[in-house]
Amino acid sequence: MTIRRYALVTGASSGIGAATARLAAQRGFDVGLVARRADRLEALAIELRAAGSEADVFAEDLSVTGAAEALAARVLAQRQCVDMLVNNAGATVPKGYAGTTFAQQRAFLELTVTTPAALTHAFLPAMLAQRWGRVINISSVAALSSGGKGNTLYPAGKAFLLKFSQSLNAEVSDRGVRVTAVLPGFVATEFQAANGIPIGEDGAARRFSQTAEQVAQEAWARNELGHEIVVPGMPPKLAAALMRFLPEPVMRALTRSAAGKYYVGE
């Protein structure tokens, strides 16, 4: 009997997460769907089951302290092993740092930093034991930026995902586990709309945006090839190259000018 592999995808209710879950099902995986919106997850689960995959729904708010560990325990109670982990759940806090509560900032850190680290730590031993596993961490091209007004912890949180992925891949890539950091640019999803980034026909971001499906497909394909860092799409690749090679004062000025266009104040 062929044993089907199992992929757990966080932030699976929309965007890159939902696109990756569909792609996993197309590749013959059973899928665990994680997000806050149970109704969205149930609808997607019905779709995936109709296509022949098993789909588990885990309605969790991963910005709550301890939620990641609780989720890992629930998943392992149902499944012997998570073969692929996609850490996609994300959010940001658009206002200036002083105009927020630290509870908001702590929730961002739980979701962006603690949750991927905790889930990876929980599922990695079984991947190593079977000498096969995949971890995809959805970071952002902002991980390479100098930061700017608003979304204060966002570049730092995404830079953590990048460096975490690189360090972990160095540890496990020769043991059958491939770890990839994905650094998208503008993606036409609910995340962009919720944070005031114009993706309509007249928005500048529209001209350079990708679909969630395009990002998911490139991330999947290049993770399979063992690529440690993936910047999907040509415009983000060019932006990443500039961020890496321009002198810091120049890059800082460009980054802050761009960020200032979307600053919502405190």
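The model shown is predicted, which means the values in this text are computed figures rather than measured ones.

The rules we used
- Residues take numbers from 1 onward in each chain, read along the sequence in its written order.
- Only residues with pLDDT of at least 70 get local features here, since the model is predicted, and only at 80 or more are side-chain atom pairs given and counted; chain-wide, interface and lining totals rely on the full set of residues.
- Note that water and hydrogens are dropped before the side-chain values are worked out from all heavy atoms of the structure.
- Lining residues are defined by having an atom within 4 Å of a point belonging to a cavity or pocket. Those points lie on a 1 Å grid over the protein atoms alone, cavities being sets where a 1.4 Å probe fits but cannot get out and pockets being open sets with protein on both sides within 12 Å along at least five of seven lines.
- Grid points are joined across faces, edges and corners, and a volume is the space filled by probe spheres set on the points.
- Basically, the charged four are Asp, Glu, Lys and Arg, the nonpolar ten are Ala, Val, Leu, Ile, Met, Phe, Trp, Tyr, Cys and Pro, and anything else, Gly included, counts as polar.
- To define a nonpolar core, start from buried Ala, Val, Leu, Ile, Met, Phe, Trp, Tyr and Cys residues and group those joined through side-chain atoms within 4.5 Å.
- Exposure classes here rest on a 1.4 Å probe applied to the protein chains alone. A residue is buried below 20% of its type maximum, exposed above 50%, and partly exposed in between.
- Secondary structure elements are taken from DSSP: a helix is a run of H or I of four residues or more, a strand is a run of E of two residues or more, and numbering for both begins at the N terminus.
- Contacts are assigned to residue pairs with any non-hydrogen atoms lying within 4.5 Å of each other.
- We treat two strands as partners when DSSP finds at least two bridges between them.
- By convention a crossover is right-handed if, when the strands point away from the viewer, the path from the first strand over the helix to the second runs clockwise.
- Identification of polar contacts relies on pairs of N or O atoms within 3.5 Å, with a donor-acceptor requirement for protein atoms, meaning one able to donate a hydrogen and the other able to accept it, and with residues adjacent in sequence counted only if both atoms are side-chain atoms.
- Within a predicted model, pLDDT stands for the predictor's per-residue confidence, ranging from 0 to 100.
- Each pair of aromatic rings taken from Phe, Tyr and Trp, with Trp reduced to its six-membered ring, is defined by centres within 6.5 Å and is described as stacked if the planes are under 30 degrees apart, edge-to-face if over 60, and tilted in the remaining cases.
- Charges are assigned to positions over rings by a cutoff of 6 Å between ring centre and Lys NZ or Arg CZ, combined with an angular limit of 35 degrees from the ring normal.

1. Focus: the layout of surface pockets
Which parts of space are left empty comes out when a probe the size of a water molecule is rolled across the atoms. Within this model, the second largest pocket holds a volume of roughly 250 Å³. Ile 3, Arg 4, Arg 5, Tyr 6, Asp 30, Glu 54, Arg 79, Gln 80, Cys 81, Asp 83 and Gln 130 are the residues that line the second largest pocket. Its residues assigned to classes, the lining of the second largest pocket comprises 3 nonpolar, 2 polar and 6 charged.

2. Observations regarding the nonpolar core
Of all hydrophobic cores here, the largest spans 32 residues; its most connected members are Ala 21, Phe 29, Val 31, Leu 33, Leu 48, Met 84 and Val 182. Put simply, the parts of the chain that give this core at least two residues each are β1 (6-10), α1 (15-26), β2 (30-35), α2 (38-50), β4 (84-87), β5 (133-138) and α8 (212-224). Here this core takes 7 residues from α1, the largest share from any one element. With sequence-adjacent residues up to four places away left out, Val 31 is seen in contact with Tyr 6, Ala 7, Val 9, Ala 21, Ala 24, Ala 25, Leu 48, Glu 54, Ala 55 and Asp 56. By size, the runner-up hydrophobic cluster in this structure holds 26 residues, among which are Ala 68, Phe 123, Val 135 and Val 177.

3. Brief notes about the pairing of strand β3 (residues 55-59)
In this sheet, β3 lies alongside β2 in parallel orientation, the contact comprising 5 bridges. Paired with Leu 33 across the bridge in β3 is Val 57. For the handedness criterion, the β-α-β arrangement of β2, α2 and β3 is classed as right-handed.

4. Considering the side chain of Asn 137
Residue placement: Asn 137 occurs in strand β5. With a relative accessible area of 0%, Asn 137 lands in the buried category. In terms of polar contacts, Asn 137 uses its side chain to reach the side chain of Asn 87, at 2.8 Å. Each residue touching Asn 137, except ones within four places of it in the same chain, is listed here: Asn 87, Pro 116, Leu 161, Phe 164, Ser 165, Val 179, Thr 180, Ala 181 and Val 182.

5. Let's talk about the confidence of the model for the protein
With 92% of its residues at a pLDDT of at least 70, the protein reaches an overall mean of 91. Between residues 199-204, whose pLDDT stays under 50, and residues either more than four places distant or in other chains, the model counts 7 contacts.

6. Quick word on the packing of aromatic side chains
If you walk through the whole model with that rule in mind, you get 4 aromatic pairs. Judged by centre distance (6.5 Å) and plane angle (40°), the ring pair of Phe 29 and Trp 132 falls under tilted. Within this pair, whereas Phe 29 is found in the loop between α1 and β2, its partner Trp 132 is found in the loop between α4 (102-130) and β5, the two being separated by 103 residues in sequence. On the basis of an interplanar angle of 45° and a centroid distance of 6.4 Å, the ring pair of Phe 108 and Tyr 154 is categorised as tilted. Residue Phe 108 is found in helix α4, and its partner Tyr 154 is found in helix α5 (residues 154-172); the two are separated by 46 residues along the sequence. Per residue, the accessibility class of Phe 108 equals that of Tyr 154, and both read buried. Ring-pair connections join several aromatic residues into one group, and the members of that group are Phe 29, Trp 132 and Trp 220. Positioned above the aromatic ring of Trp 132 is the side chain of Arg 5, whose terminal nitrogen or guanidinium carbon lies 3.8 Å from the ring centre.

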